[in-house]
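Each chain is listed here by its residues.
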Amino acid sequence: MLLSFVQWIQLTDFFTALRGSAYVYPIVLSLHMVGISLFGGMILVTDLRLLGWTMRKRSIADVVNQLRVPKRWGLLLTVTCGFLMFGSKAEEYYYNAFFRTKLILLALVLVSEFVFYRQVYADPAALDQAPTVPGNAKLAAAISLLLWTSIACCGRGIGYIEPPLDKIHAQIRVLYETALTASRGPHSLKGQDHQDVASAN
Amino acid sequence: MLITNPLNSSALAFPILECFHIVGFALSIGTVAIVDFSLLGVGMTRETPAQLARDTWLWTLGGLVVMLFSGLLLFSSDPDMYYLNWPFLIKMVFFVSAVIFHYTIHRKAVSSDTPPPNGKLIAGVSLFLWCGVIFGGIFIGFVYPGLSFGRI
């Protein structure tokens, strides 16, 4: 069922057009990276503050509360671009072990958020009143650091797994094969991919 | 080649270095963005940009060092390819400009607790230059040898 869903989503007109465009994919990926550097960087700063390694002159409440909104915008940008990339090659992602691992790790982020929300993130001012940062806040920060860096690394790993062409849906397979032939040729002229995609369709 | 690069004898070396590169730039650009957003009046506004810059400069520098050294190692895996890759050349122009801008004009703008009148412009230029570095880096992988453009 999941497989037919990913096949359906990548064959929608929107994602077919996205896949066929030579320029859109790298632009979306670049925006994904911009999101990571904003959102990821701010997560690192929040976690490092909870661990007491940076911004020690600022209160935890100051850092956590004020970075909340820009972090959400960064997350929105990253997730939107991530979803656009997923949708354009959904079936390939479906088979990708790094992508699956990445989704599991993202689910673990939600779990840890749920577990630590009341003790740590709901009332950061309470953490400032404690003589030292409570152990569970540090644990939450360490888990967050570990999960988010692993998610970034898994994301990088996705590109290193070749799609299993024998399993890929027939209509998509033609696209992959023409794209692979084009990329392995000595020179690919501008616009050639567009023609390949058009004729395959 | 008389000397072979040990990086090229392991399939894992390149992706692992890329991971360091990503965490390095997330740290450096993320901390720069916190200061720039503050100059723009977004995010951490209860502190002055100068206070934030003093809080984060070491982490910015640390991220830059990780990014630079992992980047040099990535470059060493295939220097000829990078030399002929136009997004790489554009990325280097953006990177050198961003670093020079950061440690001259940008540093001066956040050195005193009263931000300069053109603080928003400086923040905008800083964010633009760093985003240029990111875009250049991504497009490296989408250009075929021979300076043409295409999709993989």
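What counts, and where the lines are drawn
- Residues numbered from 1 in each chain as written.
- Chains lettered and ligands numbered in written order.
- Predicted model: local features only at pLDDT ≥ 70, side-chain atom pairs only at ≥ 80, totals over all residues.
- Helix = DSSP H or I, 4+ residues; strand = E, 2+ residues; numbered from the N terminus.
- Buried ≥ 20, exposed ≤ 12 C-beta atoms within 10 Å, placed from the backbone.
- Contact = placed C-beta atoms within 7 Å.
- pLDDT = per-residue confidence, 0-100.
- Core = buried A, V, L, I, M, F, W, Y, C linked by C-beta atoms within 7 Å.
- Expected span 1.5 Å × (residues − 1).
- Bend = angle between axes of the 7 residues up to and from the residue.

S.K.: Which residues make up the overall build of chain A, and what values go with them?
M.R.: Each helix and strand in chain A was counted, giving 10 helices and 0 strands. The burial tally for chain A puts 35% of its 201 residues in the buried class. Put simply, of all contacts in chain A between residues at least 6 apart along the chain, 75% involve residues at least 24 apart.

S.K.: Requested: an account of the confidence of the model for chain A, with residues and values cited.
M.R.: Residues and elements named next belong to chain A. Here chain A averages 85 in pLDDT, while 84% of its residues score no lower than 70. Of all the helices and strands in chain A, helix H10 (residues 192-200) carries the lowest mean pLDDT, 43, while helix H8 (residues 135-158) carries the highest, 95. Across residues 186-201, where pLDDT falls below 50, the model places 28 contacts with residues more than four positions away in sequence or in other chains.

S.K.: Quick one: what's the story with the environment of Val115(A), residue by residue and with numbers?
M.R.: Note that Val115(A) resides in helix H6 (residues 97-121). Residues Val115(A) and Lys71(A), 44 residues apart in the sequence, show an inter-C-alpha distance of 20 Å.

S.K.: Please set out the nonpolar core residue by residue, giving values where relevant.
M.R.: In this structure, Val45(A), Ala26(B), Ile34(B) and Trp130(B) are the most contacted members of the largest nonpolar core, which totals 69 residues. A total of 15 residues in this core trace back to one element, the largest contributor, which is helix H3 (residues 24-50) of chain A. Discounting residues that sit within four places of it in the chain, Val45(A) has contacts with Thr54(A), Met55(A), Val63(A), Leu67(A), Gly30(B), Thr31(B) and Ile34(B).

S.K.: Account for the environment of Glu162(A), with residues named and values stated.
M.R.: Residues and elements named next belong to chain A. With respect to the helices and strands, the residue glutamate 162 is situated in the loop between H8 and helix H9 (170-184). By the C-beta count within 10 Å, which is 11 here, glutamate 162 ends up exposed. As a C-alpha pair, glutamate 162 and asparagine 96 span 66 residues in sequence and 8.3 Å in three-dimensional space.

S.K.: Which residues make up helix H4 (residues 60-88) of chain A, and what values go with them?
M.R.: When the terminal C-alpha atoms of H4(A) are compared, their 40 Å separation across 29 residues agrees well with the 42 Å that a helix rising 1.5 Å per residue should span. Considering bend angle alone, the principal kink of H4(A) is centred on Arg68(A) and spans about 45 degrees; proline Pro70(A) follows within four residues of it.

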